[in-house]
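# Residue-level structural notes
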Amino acid sequence: MLLKVDNVHKSYRHTSSWLTSNHQSQHVLKNITFEIADKEIVGLVGESGSGKSTLARILMQLERADSGCLFFMKKEIELTKKLADKKFYQNCQIVFQNHLSALNPSWKVLNILLEPLLNLNLFEKKAHLDQISYMLNKFHLNNDLLERYPHQLSGGERQRVNLLRSILLQPKLLICDEVVSNLDVIVQKDIIDLLKKINQEMNMAILFISHDLHAVQYFCDRLLVMKNGEIIDQQARNDDNSFSFSHPYSQKLFSSIMIADPANRQKK
Ligand SMILES: Nc1ncnc2c1ncn2[C@@H]1O[C@H](COP(=O)(O)OP(=O)(O)OP(=O)(O)O)[C@@H](O)[C@H]1O
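First things first, this report covers the structure right here in the doc. (Residues numbered from 1 in each chain as written. Predicted model: local features only at pLDDT ≥ 70, side-chain atom pairs only at ≥ 80, totals over all residues. Heavy atoms only, no water.)

Looking at the secondary structure, you find Ser210 in the loop between strand E8 (205-209) and helix H8 (213-219). A residue is classified by how much of its surface remains accessible, and Ser210, at 2% relative accessible area, is buried. Spatially, the C-alpha atoms of Ser210 and Gly46 are 8.2 Å apart, while their sequence positions differ by 164 residues. Polar side-chain contacts of Ser210 include one of 2.9 Å to the backbone nitrogen of Asp212. (Helix = DSSP H or I, 4+ residues; strand = E, 2+ residues; numbered from the N terminus. Buried < 20%, exposed > 50% of the residue type's maximum accessible area, 1.4 Å probe, protein only. Polar contact = N/O pair within 3.5 Å; in protein donor to acceptor, adjacent residues only side chain to side chain.)

So, in structure tokens, the structure goes:
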């Protein structure tokens, strides 16, 4: 097992009135427990506000949980304590939706791609340059992009650079938080197919957080469904490629896309 997440809870305190300074607590993650195997692609879906991004930030130890721990590559990490070490970030990377703000606007793409590699002192600079050039090709990006700034790239190119920056570290787990949102459908499919290829070639597990129910069904081996801070359903893909959900909420969620899908409407 690559990752085991055990009993994570998180609450936020909100000031309910600026006049009285009353505080209210919102329990956004409740008893989150799940596992991801080596090389597995797991989708995480759920309505807006159900806690998906909070969970991702806590797994990356960008913020602390109230309780819970994870086991990553057999090492136990207390999620209520200090931030992760370099070794953790080398093996577990996250990519967010907002590719424009994720990339330093005053750096050329080459420096953006080089920086995390040099930070982790992984190899010699020459080896990095060879690796970058090889991977650019795989990502269908031209070498001349290296000399450009992020604002000189299209949205799809920027998100590919953003993903490439994390993938160059060859992590064992990549967390993708809405990485294909706001891109046109052709670019979305290109990026998902690219991730699939990388998953197979580099044996990299992926936690794919998305609102796009078509994309998760196309891409993922197993799906986790969140509602009000809880994982209410976990289903692996059936032999016939479909998913059979057991919770009424997930059944309703996924049946709504069957109805919304124009291909299905025509069949009726
Ligand atoms: N830093 C924060 N401080 C206070 N409340 C927060 C904070 N971050 C998130 N929340 C609240 O926690 C809940 C879960 O938010 P989160 O962003 O994790 O949901 P989500 O499922 O990722 O939503 P979306 O799909 O819209 O991105 C929301 O009600 C949100 O308002």
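After that view of the structure, there is still more to cover.
Strand pairing within a sheet occurs via backbone hydrogen bonds; the two strands may be parallel or antiparallel. Spatially, the 6 strands line up as an open sheet ordered E6-E7-E8-E3-E9-E10, and their pairing is mixed. Both outer strands of the open sheet, strand E6 (92-95) and strand E10 (230-236), are each paired with one neighbouring strand and no more. On average, each strand axis in the sheet is tilted by 15° relative to the strand beside it, whichever way the strands run. Bridge analysis of strand E3 (residues 41-46) against strand E9 (residues 222-227) gives 5 bridges, and the strand direction is parallel. The partner of Val42 across the bridge, within E9, is Arg222. The sheet strands contacting helix H6 (residues 155-167) are E6 and strand E7 (173-177), and the helix crosses E6 at an angle near 170°. Its contacts with the sheet put helix H7 (residues 185-202) on E3, E7 and E8, and the angle it makes with E8 is roughly 155°. (Pairing = 2+ DSSP bridges. Axes fitted to C-alpha atoms, helices over the stretch in contact; angles between N-to-C directions. Contact = heavy atoms within 4.5 Å.)

Before going further, it helps to examine the pattern of salt bridges. Using the criterion set out here, one finds 8 salt bridges in the structure. Salt-bridge contacts for Lys10 lead to Glu63; the nearest nitrogen and oxygen are separated by 3.7 Å. Remark: Glu63 occurs in the loop between helix H1 (52-59) and strand E4 (67-72) and Lys10 occurs in strand E1 (residues 3-17); sequence separation between them is 53 residues. Neither residue differs from the other here; Lys10 and Glu63 are each classed as buried. In this structure, Glu201 and Lys138 form a salt bridge, with 2.8 Å as the shortest nitrogen-oxygen distance. One end of the pair, Glu201, is in helix H7; the other, Lys138, is in helix H5 (residues 125-138), and 63 residues separate them in sequence. Looking at Glu201, the relative accessible area reads 44%, which means it is partly exposed. Overall, Lys138 belongs to the buried group, its relative accessible area being 16%. Through salt bridges with shared partners, a single network forms among Lys10, Arg57 and Glu63. (Salt bridge = Lys/Arg side-chain N within 4 Å of Asp/Glu carboxyl O.)

Looking now at the packing of helix H4 (residues 109-119) against H5. Running from N to C, H4 and H5 point in directions that differ by 130°, and their axes come no closer than 11 Å. Compared by their axis directions, H4 and H5 come out oblique. In this structure, H4 crosses over H5, and the sense of that crossing is right-handed. Residues Leu110, Leu113, Leu114, Leu117 and Leu118 of H4 touch H5, and the partners they reach there are Lys125, His128, Leu129 and Ile132. Looking at the contact of H4 with H5 residue by residue, the class counts come to 7 nonpolar, 1 polar and 1 charged. (Parallel < 35°, antiparallel > 145°, perpendicular 65-115°, else oblique. Left-handed = near helix turned anticlockwise from the far one by under 90°. Nonpolar A, V, L, I, M, F, W, Y, C, P; charged D, E, K, R; others polar.)

Close to the ligand lie 14 residues; Gln26, Ser48, Gly49, Lys52 and Thr54 are nearest. In this structure, Ser48 approaches the ligand through a side-chain N or O atom, which is 2.5 Å from an oxygen atom. Residue His211 places a side-chain N or O atom 2.9 Å away from an oxygen atom belonging to the ligand. In isolation the ligand has 630 Å² of accessible area, and contact with the protein removes 65% of it. Every element with two or more residues in the shell around the ligand is listed here: E1, strand E2 (22-36) and H1. Residue classes in the shell around the ligand are distributed as 2 nonpolar, 9 polar and 3 charged. (Near = heavy atom within 4 Å. Areas by Shrake-Rupley, 256 points an atom, 1.4 Å probe, with all protein chains shown as cover.)

Turning next to the packing of H4 against H6. Viewed as axis vectors pointing N to C, H4 and H6 meet at an angle of 25°, and their least axial separation amounts to 8 Å. By the angle class used here, H4 and H6 are roughly parallel. Of the two possible hands of crossing, H4 and H6 adopt the one that is right-handed. Judged by residue contacts, Val109, Ile112, Leu113 and Pro116 of H4 engage Val161, Leu164 and Arg165 from H6.

Moving on, we come to the side chain of Asn91. Here Asn91 is to be found in helix H2 (residues 86-91). Taking the relative accessible area as the measure of exposure, Asn91 reaches 9% and is therefore buried. Ignoring anything within four residues of it in the chain, the contact list for Asn91 reads Phe72, Met73, Pro171, Lys172 and Leu173.

Don't take any of this as a statement about function, it's just geometry.
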